[in-house]
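Results of the structural survey
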Amino acid sequence: MENGTTGWTVFGSGTLAPSTTAHAGAGSLQLTGRTAAWNGPGQDMTSKLTNGRNYTVSAWVRAQSGTPSAKAMLAVTANGTTSYVQLAPATAITTSGWTQLTGTATVSWTGTLTGATFYVETTSGTDGLLVDDVSLR
């Protein structure tokens, strides 16, 4: 996250910007202007996934307002069908500190993989999010 928004996009809608409020290091990602709970900061993982493999995620998340629950997701598109894999369970986040989202899930698909996006969403609401120190292994 110290490289700002390099390598990251908005999954859905909103405005992605670097922030100096960080869990560790000098920066994090800030997403504001979300119009749906599933909108979040995302990263293309299409060329990095192996079919049928277990992946473990860790992401530190903080709310900019409210107390939503956040979760880590993977949108996987193969043969024209998109499925959603929950990598980390929904966990309540606050404005006063960072909360770690962590979990492991098997990622698989049938046919040819044409898209895969890792992203962080909330279970409801459109509160702004801060995300830092993300890993998917």
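Preceding this paragraph is the structure being described.
From a predicted model like this one, the values you see are computed outputs, not experimental measurements.

**Details of the packing of aromatic side chains**
In this structure the tally under the stated criterion is three aromatic pairs. Judged by centre distance (6.4 Å) and plane angle (70°), the rings of W8 and F118 are edge-to-face. Here F118 lies in strand β9 (residues 113-122) and W8 lies in the segment before β1 (9-11), a separation of 110 residues in the sequence. Here the two residues W8 and F118 agree in accessibility, since each one is buried. With a centroid separation of 3.9 Å and 20° between ring planes, the pair formed by F11 and Y119 is classed as stacked. Of the two residues, F11 sits in strand β1 while Y119 sits in strand β9, which places them 108 residues apart along the sequence. Since its relative accessible area comes to 17%, F11 is described here as buried.

**Some details on the sheet that holds strand β2 (residues 15-19)**
The antiparallel open sheet is built from five strands, whose spatial order is β2-β3-β10-β5-β8. On the outer flanks of this sheet lie β2 and β8 (99-107), each paired with one strand and no other. For this sheet the average axis-to-axis angle between neighbouring strands, irrespective of direction, equals 30°. Taken together, the six bridges between strand β5 (residues 53-63) and strand β10 (residues 129-136) define a ladder with antiparallel strand orientation. Across the sheet, S58 pairs through a bridge with S135, a residue of β10.

**A short note on the environment of G14**
Relative to the helices and strands, G14 is located in the loop between β1 and β2. Residues G14 and P41, 27 residues apart in the sequence, show an inter-C-alpha distance of 8.8 Å. Every residue in contact with G14, bar those within four places of it in the chain, is listed here: L31, T32, G33 and R34.

Quick notes on the rules
Residues numbered from 1 in each chain as written. Predicted model: local features only at pLDDT ≥ 70, side-chain atom pairs only at ≥ 80, totals over all residues. Heavy atoms only, no water. Phe/Tyr/Trp six-rings, centres within 6.5 Å; stacked < 30°, edge-to-face > 60°. Helix = DSSP H or I, 4+ residues; strand = E, 2+ residues; numbered from the N terminus. Buried < 20%, exposed > 50% of the residue type's maximum accessible area, 1.4 Å probe, protein only. Pairing = 2+ DSSP bridges. Axes fitted to C-alpha atoms, helices over the stretch in contact; angles between N-to-C directions. Contact = heavy atoms within 4.5 Å.

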